[in-house]
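Structural features, examined
Letter by letter, the chains look like this.
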Amino acid sequence: MKRRVLITRENLPGSGADRLSGVAEVVAWPGNGKPGPADLAPLASGVSGVLALGNDPVDGALMDAAGPSLRVISLASMGYDNADRAAAAERGIVVTHTPGVLAETTADLTFALILAARRRIGGAEASLASGSWGLFRMHDYLGLDIHGATLGLIGYGQIGRAVARRAHGFGMRVLHHDPHAPDDALSASVNLATLLAESDIVSLHVPLTAETRHLISARELAAMKPTATLVSTSRGGVVDEEALLHAVREGRLHSAGLDVFEREPMGTELSPLVAEPHVVTLPHIGSATEATRAAMVDLAADNILDVLAGRPARTPLPGTPAVQSIPAGSTGVHA
Ligand code: DGY
């Protein structure tokens, strides 16, 4: 019998879905928007692989709906907080993500947020569009410089380093806080307190985990300069949005640039941060270029193809096996 693979969306970019169709029957969730667990479970029965996007819920119930045939869950995203890693480990399922292919694109967008927030680009554009640009005045549309500023990167992996490279082009001083990354030619490693106190821009590049949830809360915001900008292209849950809102409204922080939110997608129920004049908000587009989105799906498909062919996955989640493990109590027989 031909193997089956579940993809959580139709019409993905790249060649990945077609290549999967060459070795398996591909079932794609046909709905629009974000599928819930109840949408995916009925399609999952008997699948050997699941290709999911970064926000899709991939939990133990979905794995159980798939049954013992499930060998690999492949996330077309760098972030992996949507997948229950413990549930996958218990069942011996390989879980993969897509590092490597989106760091440069996400770093580009990080800089777009830095520029937009510190130079107040959105407000200036809206002012022009509304017909309010009547005179050149020295005090209008003032922002803060990026060149010469200190950039603090929390998390110094592929994306953090790509941001650091760009920062050098802007003549910035770069600091980072990451227990796994010592000083290098681009950036000095410092503790969190030093980074928060000295940075003009703090940019977040950590995955969302139990340790990083609300890493930036009222205390950390209070430790930042009142002239500082907070930027996040990682995951919404890393920032306590309530605390950020208060800090910006009370003028304790110059500005923020956010591509990610605690509740995504927002639909018409907008976060109050969206209406804040000193907060630039985007709908999670860090990796959204044609080439990068295709590369993410292609790598996600390659990971499934590898595992189904008995090869190690190319990009398993950090600290997890690249080949299927046999869960305790199993016969070791997998479809
Ligand atoms: C990622 O790759 O993690 C992006 O945020 C898209 O989910």
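Model, not experiment: these values are computed from the prediction.

**Some words on the pattern of salt bridges**
As enumerated under the stated definition, the model contains 19 salt bridges in all. Arg91 is the salt-bridge partner of Asp64, the closest N and O atoms lying 3.0 Å from each other. Here the residue Asp64 occupies a position in helix H3 (residues 60-66), and Arg91 occupies one in the loop between helix H4 (85-90) and strand E5 (94-96), the gap between them amounting to 27 residues. Between Arg219 and Glu220 there is a salt bridge, with the nearest N and O atoms lying 3.2 Å from each other.

**A few points about the sheet that holds strand E2 (residues 24-28)**
Reading across from one edge, E2-E1-E3-E4-E5 is the order of the 5 strands in this open sheet, with parallel pairing throughout. Lying at the two open borders of the sheet, with one neighbouring strand each, are E2 and E5. Looking at each pair of strands side by side, their axes are set apart by 15° on average, direction ignored. Pairing between strand E1 (residues 3-7) and E2: 5 bridges, direction parallel. Paired with Arg4 across the strands is Glu25, a residue of E2.

**A closer look at the domain arrangement of the chain**
Segmenting the chain into domains produces domain 1 (3-99 + 290-308) and domain 2 (103-281). In this structure, domain 1 and domain 2 have C-alpha centres spaced 31 Å apart. Listed by partner, the interface residues are 10 residues for domain 1 and 8 residues for domain 2. Both faces considered, domain 1 and domain 2 share a buried interface measuring about 740 Å² in area, 51% of it formed by carbon and sulfur atoms. Between the two partners, domain 1 and domain 2, sit 1 salt bridge. We note a salt bridge from Asp81 to Arg235, for which the minimum N-O separation is 2.9 Å.

Procedures and definitions
- Residues numbered from 1 in each chain as written.
- Predicted model: local features only at pLDDT ≥ 70, side-chain atom pairs only at ≥ 80, totals over all residues.
- Heavy atoms only, no water.
- Salt bridge = Lys/Arg side-chain N within 4 Å of Asp/Glu carboxyl O.
- Helix = DSSP H or I, 4+ residues; strand = E, 2+ residues; numbered from the N terminus.
- Pairing = 2+ DSSP bridges.
- Axes fitted to C-alpha atoms, helices over the stretch in contact; angles between N-to-C directions.
- Domains from an automatic or database assignment.
- Contact = heavy atoms within 4.5 Å.
- Buried area = accessible area lost by both parts, 1.4 Å probe.

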